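As a plain string of letters, each chain reads:
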Amino acid sequence: KEIHSLLNKNGHVAFSVPLKSSPLYKYGFLNKFEKDVGHLRRYDDEEFVNLIKNNNFKVLKVKKNQGILRDYLFTSTTRSLLVSLANRFDFFSDLLTFVDEKLFFLGMSNMVILAKKI
């Protein structure tokens, strides 16, 4: 409601939320990470879309992203070499993204929603 009140008429907003369906979260591998970064909650995808709609937004686009590989690289303390390579070499970053997207059937960790104030 507060976000809605801050937007201009027909204003747009992008939400990015962590999902309950994240494989690493479901099996308890992210407990320390969750505490360290201050995640207060995770959402079910349908639950969050309905929350947005029920607060006078029109959902324009929904995209789930960050599969198990990128989730691991983002949250693990042992990731430094792979992340360094990905940050330094575009082809390596593209390779990690390609592999991560092929593992979509294992679950996604994040959802991005573009919405418009109505």
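Anything mentioned here points back to the structure above.
Novice: Sorry, what's going on with a nonpolar patch on the surface here?
Specialist: Together, Leu95, Phe98 and Val99 line one region of the surface with nonpolar side chains, adding up to about 260 Å² of accessible area. Tracing the backbone through its elements, the reader meets leucine 95 in helix H7 (residues 90-102). With a relative accessible area of 44%, leucine 95 lands in the partly exposed category.

Novice: How should the pattern of salt bridges be read in this particular structure?
Specialist: A side chain of one charge can pair with a side chain of the opposite charge if their charged atoms are brought near each other. Going through the model one piece at a time under the given rule, you end up with 5 salt bridges. The salt bridge partner of lysine 32 is aspartate 36, with a shortest N-O separation of 2.7 Å. A residue pair is termed a helical-turn pair when its members lie 3 or 4 positions apart in one helix, as lysine 32 and aspartate 36 do in helix H3 (residues 31-37) at 4 residues. The class for aspartate 36 is exposed, based on a relative accessible area of 52%.

Novice: Please clarify how unusual backbone geometry should be interpreted in this entry.
Specialist: Residues apart from glycine generally show negative phi values, whereas peptide bonds are mostly found in trans. Phi at asparagine 10 is positive, roughly 60 degrees, even though this residue is not glycine. One can find asparagine 10 in the loop between helix H1 (2-6) and strand S1 (12-18). Non-glycine residue asparagine 56 carries a positive phi angle of around 65 degrees.

Conventions used here
Residues numbered from 1 in each chain as written. Predicted model: local features only at pLDDT ≥ 70, side-chain atom pairs only at ≥ 80, totals over all residues. Heavy atoms only, no water. Patch = residues over 30% accessible without salt bridge, like charges linked within 9 Å, V, L, I, M, F, W, Y side chains within 5 Å. Areas by Shrake-Rupley, 256 points an atom, 1.4 Å probe, with all protein chains shown as cover. Salt bridge = Lys/Arg side-chain N within 4 Å of Asp/Glu carboxyl O. Helix = DSSP H or I, 4+ residues; strand = E, 2+ residues; numbered from the N terminus. Buried < 20%, exposed > 50% of the residue type's maximum accessible area, 1.4 Å probe, protein only.

Remember, this is a structural readout, not a statement about activity or role.
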